[in-house]
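In case you want the letters, here they are:
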Amino acid sequence: MVTTGLGPRRSAVLRLLVVAVALAGALIGALGGAAPASAHAALTGSTPAQGSVVDQAPEQVTLTFSEGVAMGDNSIRVLDPQGKRVDRGKLRNLCSDSIVKYGAGLPPGLRDGTYTVTWQAVSADSHPVAGAFTFSVGAPSKTAAPVPEQKVGGGLTGALYGIARYLAYAGFVLLVGGAAFVLACRPAAALVRSVQRLVVQGWALLAGTTIAMLLLRTPYTGSGDLADAFDLAGLQQVLITKPGAALVSRLLLLAAAALFVAVLFGTYARLQEPAEESAEEPEDGGPGEAGEAATDGAEKAAEGAGQQAVNAAEQARQRKDLTFGLGIGGVIVGAGLAATWALAEHASTGLQPAVAMPVDVLHLLAVATWLGGLAALVVSLYWGPPVERTAVRRFSRIAFGSVVVLVATGVYQSWRQVGSWRALTDTTYGWLLLLKAALVVVLVGIAWVSRRWTGRLAEVQAAQAEASAVRAAEARPTETQASETGSQDSETQDSEARAAEADGAAEKDRKAEKATVGVSAAARTGNGILTDSGAPTGDSAPASDKAPAGGTTTDGETAGEEAPDPARAAQLARQQAALRTARTKRERDADPERLGLRRSVLAEAAVAVVVLVVTTVLTATEPARTEEAVKATAGGQSTTGNQPQVLSIPFDTGGPHGKGTARLDLDPGRSGSANALRLRISDPSGKAVDVPEVKVSFTQKAKKIGPLPVVPKHAGKGHWRANGIQLPVPGQWQLSLLVRTSDIDQVTETKNVKIG
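Just so it is clear, the structure is predicted and the values come from calculations on it, not from any experiment. (Residues numbered from 1 in each chain as written. Predicted model: local features only at pLDDT ≥ 70, side-chain atom pairs only at ≥ 80, totals over all residues. Heavy atoms only, no water.)

Core analysis: the biggest nonpolar cluster contains 83 residues, and F172 and L264 have the highest contact counts within it. The element contributing the most residues to this core is helix α8 (residues 353-382), with 16 residues. Those residues in contact with L264 that lie beyond four places of it in its chain are A179, V182, L183, A190, A269 and L326. (Core = buried A, V, L, I, M, F, W, Y, C linked by side-chain atoms within 4.5 Å. Buried < 20%, exposed > 50% of the residue type's maximum accessible area, 1.4 Å probe, protein only. Helix = DSSP H or I, 4+ residues; strand = E, 2+ residues; numbered from the N terminus. Contact = heavy atoms within 4.5 Å.)

Moving on, we get to the pairing of strand β12 (residues 674-682). With 7 of 9 residues buried, β12 is to be regarded as a mostly interior element. Two elements, β12 and strand β16 (residues 719-726), share 6 bridges in a ladder whose sense is antiparallel. The residue bridging L677 from the neighbouring strand is A722, located in β16. (Pairing = 2+ DSSP bridges.)

In this section: the side chain of D80. Position of D80 among the secondary structure elements: in the loop between β5 (76-79) and β6 (91-93). In this structure D80 is buried but unpaired, with R111 as the nearest side chain of opposite charge at 4.7 Å. Side-chain polar atoms of D80 contact the backbone nitrogen of K84, separated by 2.7 Å. (Lys, Arg positive; Asp, Glu negative; His and termini not counted. Salt bridge = Lys/Arg side-chain N within 4 Å of Asp/Glu carboxyl O. Polar contact = N/O pair within 3.5 Å; in protein donor to acceptor, adjacent residues only side chain to side chain.)

Here we come to the environment of S66. By the secondary structure assignment, S66 is in the loop between β3 (60-65) and β4 (69-70). Considering only alpha carbons, one finds S66 and V100, 34 residues apart in sequence, at a separation of 7.0 Å.

The next thing to look at is the packing of aromatic side chains. Following the criterion strictly, the structure yields 8 aromatic pairs and no others. With a centroid separation of 5.3 Å and 70° between ring planes, the pair formed by F65 and W119 is classed as edge-to-face. A residue pair is termed long-range when its members are at least 10 positions apart, and F65 in strand β3 and W119 in strand β8 (residues 113-123) qualify at 54 residues. Summarising the burial analysis for this pair, F65 and W119 share the class buried. On the numbers, 6.1 Å between centres and 70° between planes, the contact of F181 with F395 is edge-to-face. One end of the pair, F181, is in helix α2 (residues 155-185); the other, F395, is in helix α9 (residues 389-418), and 214 residues separate them in sequence. (Phe/Tyr/Trp six-rings, centres within 6.5 Å; stacked < 30°, edge-to-face > 60°.)

Quick look at the sheet that holds strand β10 (residues 645-652) now. Strand order across the open sheet formed by 5 strands is β10-β11-β12-β16-β15, with antiparallel pairing between neighbours. Across the chains shown, the open sheet's two edge strands, defined by having one partner strand only, are β10 and β15 (713-716). Ignoring which end each strand starts from, the neighbouring axes of this sheet average 25° apart. Sheet topology places strand β11 (residues 659-667) next to β12; 7 bridges connect them, and they run antiparallel. Directly across from L664, in β12, lies its bridge partner L679. (Axes fitted to C-alpha atoms, helices over the stretch in contact; angles between N-to-C directions.)

What follows is about the confidence of the model for the chain. Summary statistics for the chain give a mean pLDDT of 74 and a share of 69% for residues scoring 70 or more. Considering each helix and strand of the chain separately, the mean pLDDT is smallest for helix α14 (residues 543-546), with a value of 40, and largest for helix α5 (residues 242-264), with 94. Contacts for the low-pLDDT stretch residues 1-39, under 50 throughout, to residues beyond four places or in other chains number 50 contacts. (pLDDT = per-residue confidence, 0-100.)

Structural data, given as structure tokens:
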């Protein structure tokens, strides 16, 4: 049996795709690992403030967010020092205008001590967010409820959900882009098996990941336990949320997309098939039979010529109408699928959502048309018949238009999500956006190289067509002579041809038929089987020397009645198919223009995989505008101004027992008012300890005020207090803390604090 190894071109494809997947995995690991901390709704304030100490128990705990969130009665929980829940268990909606605020009521008469507040919500762009903080009533207690390690949106569930999101984008790109390539660039690709598989697999991938995301929403936004994916009650709650409705809508649109794909590769593909020959090939026989068959075929062809012209016109009209219908339907379904992302993610919240959502739909469609069409072109070039020059040029023009749309919509989205030039370098979102822009520039550069190869392909197309015609004309006389020479073995040849057709290896090309005759004759000469090297096995002596007199073979059968061996015929068919495949690859790889085009397009596809990964991570990252707003509101390192300020400052004097943590509470944290300072020094185990000396000072560098010294008084073991601290102006002040643990060991630590 003829065996073929992995060709060098196939190996190059696999190597490049492996590199792309490795880069994608590295990006997912490096960037996606921080996804749980990159929720898009941020806590901008709370009452009481984080770490504050209040004289009386508040009536409620309130939380303020940077954007809209979805919360329930159990979203805010307040725990006493023993870990018992003490809130009323009913969520209070305190939102007004652009302020997003929720609260939980507290009962009267709460005892002094440290209370823990845990909260969990889903931001308006479908990403979960959670957190916890503590405050104290009267004075901090020795014990407090442990702050839970929030894993919402993280862990195994978060990783699976992130992978599903990436694969959903990939499926959308393959489905929409592959179908667009067939309709707009190369209708004949509807008959190419590799393109059909690409589009169908894109549909299956998008459908499967959508179902997976729908099931994972409950643990992803809740407990994080993967077993909750099959919680029917949780699934029911997901279906009434905006992300759940978007996923269900996507499934309904995919049902329509399935019908679209069935028509595209069914009725539409059949309309692209070339017209069948009107006269069948005459069977091998005597000269009289061949002449009579040829005469009958010519008469049939003449009689059906008029009908064929009518059928061709009707087929052209049907093809045009179906193309128009599929185009309109495809745009509607593709835009609907893109809208399921736009309505549930970044574009649906924040600045100008009414403009941002249509722009996001255009952005996604442009991405799919470019990258999905690129994938269809790759599989056509590597695993399909030769791609026409006109198809490549059409795709080149469509890809250029897609890039223009991408740039326009991308600039708007960048302005909307970033907001300032500084945010490009000061935020994670900005760095990811710069990385994506750089990759797109690389992608456009490779596309320019592909465009140059396309131009070279156009210059040599006419010469190649002429050379192919000359070779075909020269082959016909030889084929005719070979068919006459082999007429005496017609019965055996017909049997072998039928076996080859059943094995899927026969073709109508006359050049292949000539190879079939030659290989078959060589095989019969040796009365054996061809080896991988093409040499016959068994006795190669002429048949006349081996046959006994009277025309009888050694098996007792007459030579004229010898039946063909089905196994040998099937093996010969497989050999011939392998030879034809190898010859086709050699001819294809011998074309330097098409080889260069394939390589450049494959490089585009590899970079596109990485671009898609960065895009997926970008959609799971807090927008730079939101991050900057939170920083501005929080004053950098502390909580909101006009609220009690709480700072935790670790120190190390370098001497024995020189390590510890200083906790400072500044209440009410306002300028022009008498502020009270509480200071607690603790060792690494958290136990309060005394030190020989502590000093505090405040400096306002912007207005050149200070340092203003504060000398706190010792109020108990490890505790100091100072009252009546006046800070004249609001803004960001620098607090300096001096701690001395022995006669010679001391250190000064600084930290910024926002004063309202």
